[in-house]
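The residues making up each chain are set out below.
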Amino acid sequence: LLWPDLALRLVNKELDPIPLASTCHGLHALNEKGWAKGMAYRVLERSTRNRCAAWVAISNFVMESLKENGYPPDKIHLIRNGVDCVQTYPVNEHRREEIRRYLNVPPDAPLIGAAGTLRPLKDHESLLRAMPAILARHPETRLFIFGSGPSLEGLMQTIRELGIGDHAKIIGSLSTMLPQVLSTLDVLVHPSRVEAFGLVVAE
């Protein structure tokens, strides 16, 4: 997280000689902070960059991004995100039917899903705007978007504007139940414009 990470680096000199390692999930998030906040963070970040003993990148994309932005290559380490293979194990047919009933989805209706923080870069807006064309060919289709975030109200407005409220729903992350729901989907859509890793695709 950008600001807590920066705060720790600012006080780290009081913690010497304890080394500080920072995990980076992608600098692209700065673009969503707005011009003023993004610029302020970049200035402060550059001034405190050398206080970190190591940088951990969660993907090749993030590692290359760090290098391009002037981070010391010898301090960058690649540790990819992991997936809990037990939690994400495919569900059996009985459990699949239970989940579809829980979501109030007809047995034969195509089930589309997306999961992630509701913010502009994730681009759930484009997914919703594709639904009328999908429904024209497959009228029974249901879409569920799992997540929360600042784009929620705008996405709800899009659902109302398109008149697809009977076919498209936005609900919370479902916590530990989400991996089973993902295994129940007929189609997983990940419309994000930029991704540091794309964990939900791996899951």
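Residues numbered from 1 in each chain as written. Predicted model: local features only at pLDDT ≥ 70, side-chain atom pairs only at ≥ 80, totals over all residues. Heavy atoms only, no water.

1. Considerations on the pattern of salt bridges
The condition is simple: Note on definitions: salt bridges are taken to be side-chain nitrogens of Lys or Arg within 4 Å of carboxyl oxygens of Asp or Glu. Segments assigned H or I by DSSP are reported as helices when at least four residues long, segments assigned E as strands when at least two residues long, and all are numbered from the N terminus. To sort residues, take the accessible area from a 1.4 Å probe on protein chains only and compare it with the maximum for the residue type: under 20% means buried, over 50% means exposed, and anything in between is partly exposed.
The final tally for this structure, using the stated rule, is ten salt bridges. For Glu93, the salt bridge identified is with Arg96, shortest N-O distance 3.6 Å. Residue Glu93 and its partner Arg96 are located together in helix 4 (residues 93-102), separated by three residues, close to a single helical turn. Among the residues examined, Glu93 registers a relative accessible area of 47% and is labelled partly exposed. In this structure, Arg160 engages Glu153 in a salt bridge whose closest nitrogen and oxygen atoms are separated by 2.9 Å. Of the residues examined, Arg160 reaches a relative accessible area of 46% and is grouped as partly exposed. Within this structure, Glu93, Arg96, Arg100 and Asp186 form a network of salt bridges that share partners.

2. Here's the deal with a nonpolar patch on the surface
Put simply, the test is: For patch detection, residues must exceed 30% relative accessible area and be free of salt bridges, and they are connected within 9 Å for like charges or within 5 Å for nonpolar side chains (Val, Leu, Ile, Met, Phe, Trp, Tyr). Per-residue and other accessible areas were derived by the Shrake-Rupley procedure at a 1.4 Å probe size, with only the shown protein chains allowed to occlude residues.
Together, Leu8, Leu10, Val11, Leu15 and Ile18 line one region of the surface with nonpolar side chains, adding up to about 400 Å² of accessible area. Along the chain, the position of Leu10 falls in helix 1 (residues 2-11). For Leu10, a relative accessible area of 39% corresponds to the partly exposed category.

3. Some points on the sheet that holds strand 6 (residues 168-171)
Heads up, the condition is: In this scheme, strands are said to pair when DSSP sees at least two bridges between them. Residue contacts are counted whenever heavy atoms from the two residues lie within 4.5 Å of one another. Orientation is described by axes fitted as lines to C-alpha atoms, over the contacting stretch for helices, and by angles from 0 to 180 degrees between their N-to-C directions.
Taken in spatial order, the four strands make up an open sheet running 6-5-4-7, and their pairing is parallel. Unpaired on one side and paired on the other, strand 6 and strand 7 (187-188) mark the two borders of the sheet. Sheet topology note: the strand 4 (residues 111-115)/strand 5 (residues 142-146) ladder contains five bridges and is parallel. The residue of strand 5 that forms the bridge with Ile112 is Leu143. Its contacts with the sheet put helix 5 (residues 124-137) on strand 4, strand 5 and strand 6, and the angle it makes with strand 5 is roughly 175 degrees.

4. Here we look at the pairing of strand 5
Successive residues of a regular strand alternate their side chains across the two faces of the sheet. To be explicit about the condition: For crossovers, right-handed means that the path from the first strand over the helix to the second runs clockwise, given strands pointing away from the viewer.
Across the five residues of strand 5, five count as buried, placing the element largely inside the fold. Neither face of strand 5 is exposed, since Arg142, Phe144 and Phe146 on one face and Leu143 and Ile145 on the opposite face are all buried. Read from strand 4 through helix 5 to strand 5, the crossover connection turns out right-handed. Looking at chain direction, strand 5 and strand 6 are connected through four bridges and run parallel. Among the inter-strand pairings, Leu143 is bridged to a residue of strand 6, identified as Ala168.

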